[in-house]
Amino acid sequence: MQIRTVRTVCPYCAVGCNVIVTSDGKRIISVVPSKRNDINYGSLCIKGWKGFDAVTSKERLKNPMKRTERGFVEISWEEAVDIVVKNLSEIKRKYGPDALAFIASARCTNEDNYLMQKLARQVFGTNNIDHCARLCHSPSVEGLISTFGRGAATTSIADLDNAELYFIIGTNITEHYPILGARIINNVMKGKKLIVADPRNIHIAKFATLHLRLLPGTDLALLNTMANVIVKKGLYDKKFIEERTENFDEYLKVIEYYDLERGSKITGVDPELIEKASVLYATSRSVILYSLGVTQHVQGVQTVQAIANLAMLTGNVGKPGTGVFPIRGQNNVQGAGDMGALCDFLPGYVRVDDENGRRKFEEAWNCKLPSKPGLSLPEMFWEAYKGNVKAMYIMGENPVISESELGIVEEALKKLEFLVVQDIFMTETAEFAHVVLPAKSFAEKLGTFTNTERRIQLIRPFLDPPGNALDDWKIFQLIARKMGYDWNYNSPEDIMAEISKLVPQYKGVTYDCLSENGVQWPVNESCKGTEILYTEKFARSNGKGRFMPAHWERPSDFPDEEYPFILTTGGIYYQYTTGTMTRKVHILEREAPSPFVEINPEDAKSLGIRDGELVTVKSRYGELDVRARISDSVPRGILFIPFHYREAPVNRIVNPHIDPKARTPEFKVTAVKIVKKVIQ
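Below: a short report on this structure. (Residues numbered from 1 in each chain as written. Predicted model: local features only at pLDDT ≥ 70, side-chain atom pairs only at ≥ 80, totals over all residues. Heavy atoms only, no water.)

### Remarks on helix 7 (residues 219-232)
At step 1: Compared with the 20 Å implied by 1.5 Å per residue over 14 residues, the 20 Å span of helix 7 between its first and last C-alpha is a close match.
At step 2: Those residues of helix 7 not exposed but buried are Asp219, Leu220, Ala221, Leu222, Leu223, Asn224, Thr225, Met226, Ala227, Asn228, Val229 and Ile230.
At step 3: Positive phi shows up at glycine 234, right after helix 7, with a value of about 70 degrees. (Helix = DSSP H or I, 4+ residues; strand = E, 2+ residues; numbered from the N terminus. Expected span 1.5 Å × (residues − 1). Buried < 20%, exposed > 50% of the residue type's maximum accessible area, 1.4 Å probe, protein only.)

Have a look at this one:
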């Protein structure tokens, strides 16, 4: 028995904690946090300590399978690749390349995602390639590119220690990103200031200097009101604005509307609290941290822009202890976007309709690339439902739980002429597939993840793959070769060599230079990274940050007499995304085995609902049966349901309206009613 001890990266949230794993190749002997890095400094959350056990589950996929009248049967890799190539090629020939859709994965490596988007674009000729960032942080990409020039965090996790104030808006940081949340709490205990803007009384709010309990969907109005206060009090950074920004006068015209009285009326926050928060933020070395509570709205892009506006207004960007920090949800959301697993961007955030930018990839790949932006993730399912998308290839995603309008998603999958799912488990989505391909997990592969601070890090294998599971990139190479393309990658390192030539942010990256603590992009030719962005100029073409003002609009689905409550969704500490991994870990499932709906005690009393009772939550889009959890974490008029559970898939009833620019659904504001479940 050969004992292996390797340093790798936690596969859950995008904080990217480093861990030391010891195994004998078949089972995990120990998992301990690394003390030699700039991220977790010897700490792990419960998913880091115990969540690795998921990959040793007996439920892992071991061999390719095809659907038959008798159910799924195992087949050889040769037969599986033949079936995939035959079906995708025939559908492309018959209906055109845009009848195909490819879904990449924030759970997989940069190298895997790079090859999947290359397969879609070079081999099959379509920009119909997307991944789960469309459901979470696409507004960050669009919002931060338009204001700063790059769609990523402006600073580092380590640099958060240099801030004097943290402004946390729209993120339950201790539940979703526990190590990051603990770091901030530790700093607050040492005297740093903390502003929390969240409708719920989340854990970190207990440590806040100020807690702004705004109504869901009013973040943009709050940010505009804070800007109004800062300008009126003369607390803005005139020198920074004059030298490093543009469009300030237009910004002033918009924020003038949001005086304290109007801002308070829209948000439901006391005007005195808004004023105090504004002054604290403007007079401190401040960093803004946000997540899905900001982005999952019809005005998600505009709210991200408002965050960037506030940072520029006060000069809180480009210096130590300042910045804008979108906290990514999954381990490689940042990297998958960097690799071009997006319907409107090539690798490195080159827009697909940018002729000059596209030419570089056409020359490197020796092909003509499509210039029309492809279908976004929600659009893929709508077009499949309407019969226009005929085939899908899904890697490491579970849209039957994660998408909005789940009824449409399921019907769309049933209508497909061909569906191939590539994953580590037989997910709810894989049950619909014609072919299921077994992939290696993070525990069995070599490659890179890019975390929420832009840090590119190596993952290293410590387990033998189950059965005949293959690397995702190897599967794509088998398909490309079968299609007649001369793909000759011998390792993930070969793929990274190509990435470093074509993606400016990854220029000069080699596995050797990543071996210790990784490196934050953008990277130069000698593999030196960048901790803080925009120290001298922004990344827009003229080097200036651009104020992008917008007026607040009421959420697209608002309470009325029939649907008097606002439903919002989110995650909880012991579970993760669609539960594909965490629900196979005994300790995590033991602690959070069941879905629930949080309801305020006064609302529960008025409706005659008792704790633990079965209730029905109804929206304009569907209904859901779930157990009530009476809690003062939510204010009156607000309900909360976690999104992890197949027994109560909350996305079946959420608001499906999308941000017009980022095409992200408005998961966070849905008008609903709640009634006792009548048992027949």
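### Topic: helix 13 (residues 300-313)
At step 1: In this model helix 13 runs 20 Å from its N-terminal to its C-terminal C-alpha over 14 residues, within 8% of the 20 Å that 1.5 Å per residue would give.
At step 2: When you tally the buried positions in helix 13, you get 13 out of 14 residues, the bulk of the element.
At step 3: After helix 13 finishes, the residue glycine 315 shows a positive phi value of roughly 70 degrees.

### Observations concerning the layout of surface pockets
A water-sized probe, rolled over the atoms, reveals where empty space remains.
At step 1: Approximately 300 Å³ is the volume found for the largest pocket.
At step 2: Lining the largest pocket are 20 residues; nearest its centre among them are Glu175, Arg200, Ile572, Glu598 and Arg629.
At step 3: Looking at the lining of the largest pocket residue by residue, the class counts come to seven nonpolar, seven polar and six charged.
At step 4: Formed jointly, the lining of the largest pocket draws a minimum of three residues from each of two domains, domain 3 (138-326) and domain 4 (565-676). (1 Å grid on protein atoms, 1.4 Å probe; cavity = no way out; pocket = protein on both sides within 12 Å on 5 of 7 lines; lining within 4 Å. Points joined across faces, edges and corners; volume = space filled by probe spheres on them. Nonpolar A, V, L, I, M, F, W, Y, C, P; charged D, E, K, R; others polar. Domains from an automatic or database assignment.)

### Some thoughts on the sheet that holds strand 12 (residues 286-290)
At step 1: Spatial strand order, 10-9-8-12-13: five strands in an open sheet with parallel pairing. For this open sheet the edge positions go to strand 10 (210-212) and strand 13 (323-326), each flanked by a neighbour on one side alone. Sheet twist, expressed as the average angle between the axes of neighbouring strands with direction ignored, equals 15 degrees.
At step 2: Looking at chain direction, strand 8 (residues 165-169) and strand 12 are connected through five bridges and run parallel. Note on strand 12: the bridge partner recorded for isoleucine 168 is leucine 289.
At step 3: Helix 13 rests against strand 8, strand 12 and strand 13 of the sheet, and its axis sits at about 175 degrees to strand 12. (Pairing = 2+ DSSP bridges. Axes fitted to C-alpha atoms, helices over the stretch in contact; angles between N-to-C directions. Contact = heavy atoms within 4.5 Å.)

### Quick look at the sheet that holds strand 3 (residues 28-33)
At step 1: In spatial order, the strands read 1-2-3; together these three strands make up an open sheet with antiparallel pairing. Among the strands making up the open sheet, the edge pair consists of strand 1 (4-9) and strand 3. Each strand of the sheet is rotated relative to its neighbour by a mean of 25 degrees, with strand direction disregarded.
At step 2: Judged from the five bridges that link them, strand 2 (residues 18-23) and strand 3 form a sheet pairing that is antiparallel. Its bridge partner lying in strand 3, serine 23 is registered against isoleucine 28.

### Let's talk about the packing of aromatic side chains
Think of a pair of aromatic rings as described by two things: how far the centres are apart, and how the planes are tilted against each other in angle.
At step 1: Applying the stated criterion across every chain yields a total of 23 aromatic pairs.
At step 2: Ring plane angle 35 degrees and centroid distance 5.9 Å describe the contact between tyrosine 236 and phenylalanine 248, whose orientation is recorded as tilted. Of this pair, tyrosine 236 sits in the loop between helix 7 and helix 8 (238-244) while phenylalanine 248 sits in helix 9 (residues 248-255), and the two are 12 residues apart along the sequence.
At step 3: Taking the relative accessible area as the measure of exposure, tyrosine 236 reaches 22% and is therefore partly exposed. (Phe/Tyr/Trp six-rings, centres within 6.5 Å; stacked < 30°, edge-to-face > 60°.)

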